Amino acid sequence: MSMLSVDGIDAYYDESHILRELSMEVEEGEICALLGRNGAGKTTTLRCIAGATPPQVRRGSIRFRGEDITGQPAEDVAPQGISLVPEERRVFPNLTVEENLHLPEVARNVSNRFGRSVATTESGMSLDDVYDDFPRLDERRNQTAGTLSGGEQQMLAIGRALRQPTQMLLLDEPYEGLAPQIIETVERAIERIRDSGRTILLVEQNAVAATEIADSAYVIDAGEVVFDGTADELAADEETRQRYLGV
Ligand code: ATP
């Protein structure tokens, strides 16, 4: 059984039909790259999986560890172990690094107190483990998040997602706007997260960087899957790369 199984979904923003019979499988413990041009539907796919609205899924199904999560709201999907790190890397700029990392815990306690039972048996990563994975955050525990560089904010957004009981991380363009050296730091961190047993779905414009660390890959165009295979197969497939990724 796949960790994530998307089966023939059609997704819409109002009447605008974006994803067309899109299917994909992500196996436990792998990095799967989801690639495609601007506007191909990558973010829309992540939003459908995470239960963010809009878009609206009108056909097909999404299963996570065998459970049907199609159409469930984000607040029900997240506790089952799926964390979305959106493109805008929402960190709280006036809080310190450490305060940002404490937020998932605070939010959990508050919702428990108000009777919303959070159905989870697992806990997220400890603060120490996050600092081990991201030494830069460790050095900057007391710095306000708004003054971090773009790469550091990205690390903080990922670190915060990992403080939740995450089995699957959905990363939307984590390399955007980062210098090559910082991309490498984020890449190593993503690999360590995979090596700790978590599953990663990685959306990227930077197809070369994404396929370097990915195990499997999907390419979508106009909301349809046009390639599905291993990352090595994609690296060797000149035609697909040129036609849909421009590399
Ligand atoms: P990029 O790489 O540019 O981020 P993407 O592959 O992630 O692109 P999506 O953001 O999923 O693409 O967008 C797919 C299509 O859906 C685009 O044509 C976009 O204009 C449209 N779209 C996205 N969000 C909305 C929305 N809230 N309302 C209406 N249309 C939308």
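Residues numbered from 1 in each chain as written. Predicted model: local features only at pLDDT ≥ 70, side-chain atom pairs only at ≥ 80, totals over all residues. Heavy atoms only, no water.

Asks: Go over the packing of aromatic side chains, please, and point to the residues and values.
Replies: Tallied over the full model, the rule gives zero aromatic pairs. Lying across the ring of Tyr12, Arg58 places its NZ or CZ 4.0 Å from the centre. (Phe/Tyr/Trp six-rings, centres within 6.5 Å; stacked < 30°, edge-to-face > 60°. Lys NZ or Arg CZ within 6 Å of the ring centre and 35° of its normal.)

Asks: Could you give me a rundown of the nonpolar core, with the residues and numbers involved?
Replies: The biggest cluster of nonpolar side chains holds 45 residues, and the ones touching the most others in it are Leu169, Ile190 and Leu202. In this view, Leu202 contacts Ile31, Cys32, Ala33, Leu34, Leu171, Pro174, Tyr175, Ile190, Ala210 and Ile213; residues no more than four positions away in its chain are not counted. Core analysis: the next-biggest nonpolar cluster, separate from the first, contains 27 residues, Leu34, Met168, Tyr218 and Ile220 among them. (Core = buried A, V, L, I, M, F, W, Y, C linked by side-chain atoms within 4.5 Å. Buried < 20%, exposed > 50% of the residue type's maximum accessible area, 1.4 Å probe, protein only. Contact = heavy atoms within 4.5 Å.)

Asks: Could you give me a rundown of the pairing of strand β3 (residues 31-35), with the residues and numbers involved?
Replies: Counting buried positions along β3 yields five of five residues, so the element is predominantly enclosed. Neither face of β3 is exposed, since Ile31, Ala33 and Leu35 on one face and Cys32 and Leu34 on the opposite face are all buried. (Helix = DSSP H or I, 4+ residues; strand = E, 2+ residues; numbered from the N terminus.)

Asks: Tell me about the sheet that holds strand β10 (residues 224-230), residues and numbers included.
Replies: Pairing is mixed across the open sheet formed by six strands, whose spatial order is β6-β7-β8-β3-β9-β10. Both outer strands of the open sheet, β6 (82-85) and β10, are each paired with one neighbouring strand and no more. The average angle at which neighbouring strand axes cross in this sheet is 15°, direction not considered. Pairing analysis gives four bridges linking β6 to strand β7 (residues 168-172), with the strands arranged parallel. (Pairing = 2+ DSSP bridges. Axes fitted to C-alpha atoms, helices over the stretch in contact; angles between N-to-C directions.)

Asks: Go over helix α6 (residues 150-162) with me, naming the residues and quoting the values.
Replies: Here α6 contains 13 residues, and its C-alpha end-to-end distance of 19 Å stays within 8% of the 18 Å for a straight helix at 1.5 Å per residue. Across the 13 residues that make up α6, a large majority, twelve, are buried. Here α6 has its buried residues at Gly151, Glu152, Gln153, Gln154, Met155, Leu156, Ala157, Ile158, Gly159, Arg160, Ala161 and Leu162. (Expected span 1.5 Å × (residues − 1).)

Asks: Any chance you could break down the pairing of β10 for me, citing the residues and the numbers?
Replies: Bridging between strand β9 (residues 216-221) and β10 involves six bridges; their strand directions are antiparallel. Paired with Ser216 across the strands is Thr230, a residue of β10. Counting the residues that bridge the hairpin from β9 to β10 gives two residues, and of these Ala222 lies at a positive phi of roughly 45°.

Asks: With reference to specific residues and values, describe the packing of α6 against helix α7 (residues 180-195).
Replies: The contact between α6 and α7 brings their axes to 10 Å, and the two run at 10°. In terms of axis orientation, α6 runs roughly parallel to α7. Crossing geometry of α6 relative to α7 is assigned as right-handed. Contacts from Gly151, Met155, Ile158 and Leu162 in α6 reach Ile182, Thr185, Val186 and Ile193 in α7. Residue composition of the contact of α6 with α7, by class: six nonpolar, two polar and no charged. (Parallel < 35°, antiparallel > 145°, perpendicular 65-115°, else oblique. Left-handed = near helix turned anticlockwise from the far one by under 90°. Nonpolar A, V, L, I, M, F, W, Y, C, P; charged D, E, K, R; others polar.)

Asks: Account for the environment of Asn109, naming residues and giving values.
Replies: Within the secondary structure, Asn109 sits in helix α3 (residues 97-113). Residue class for Asn109 comes out partly exposed when judged on its relative accessible area of 49%. Counting along the chain gives 136 residues from Asn109 to Leu245, while the straight-line C-alpha distance between them is 44 Å.

Asks: With reference to specific residues and values, describe the sheet that holds strand β5 (residues 67-68).
Replies: For sheets, the rule is that strands pair by backbone hydrogen bonds, running either parallel or antiparallel. Here four strands make up an open sheet; going across it, the order is β2-β1-β4-β5 and the pairing antiparallel. At either end of the open sheet lies a strand with only one pairing partner, and these are β2 (16-26) and β5. Here helix α1 (residues 42-50) sits on the sheet in contact with β1 (4-13), β2 and β4 (56-64), set at roughly 110° to β1.

Asks: Give a detailed account of the pattern of salt bridges, specifying residues and quantitative values.
Replies: For the coordinates displayed, the defined rule picks out 15 salt bridges. Arg192 is the salt-bridge partner of Asp133, the closest N and O atoms lying 3.0 Å from each other. Placement of the pair is Asp133 in helix α4 (residues 127-133) and Arg192 in helix α7, with a sequence separation of 59 residues. Residue Arg192 is classed as partly exposed on the basis of its relative accessible area, which comes to 35%. Its salt-bridge partner being Asp138, residue Arg141 comes within 2.8 Å of it at the nearest N-O pair. With a relative accessible area of 29%, Arg141 lands in the partly exposed category. By relative accessible area, Asp138 is classed as partly exposed at 33%. Each member of the salt-bridge network shares a partner with another, and the members are Arg136, Glu139, Arg140 and Glu152. (Salt bridge = Lys/Arg side-chain N within 4 Å of Asp/Glu carboxyl O.)

Asks: Which residues make up the site of the ligand, and what values go with them?
Replies: Around the ligand lies a shell formed by Tyr13, Ile18, Arg37, Asn38, Gly39, Ala40, Gly41, Lys42, Thr43, Thr44, Glu173 and Gln205. Separating an oxygen atom of the ligand from a backbone N or O atom of Gly39 is a distance of 2.8 Å. A distance of 2.6 Å is found between an oxygen atom of the ligand and a side-chain nitrogen or oxygen belonging to Gln205. No other element matches α1, which puts three residues into the shell around the ligand. Looking at the shell around the ligand residue by residue, the class counts come to three nonpolar, six polar and three charged. (Near = heavy atom within 4 Å. Polar contact = N/O pair within 3.5 Å; in protein donor to acceptor, adjacent residues only side chain to side chain.)

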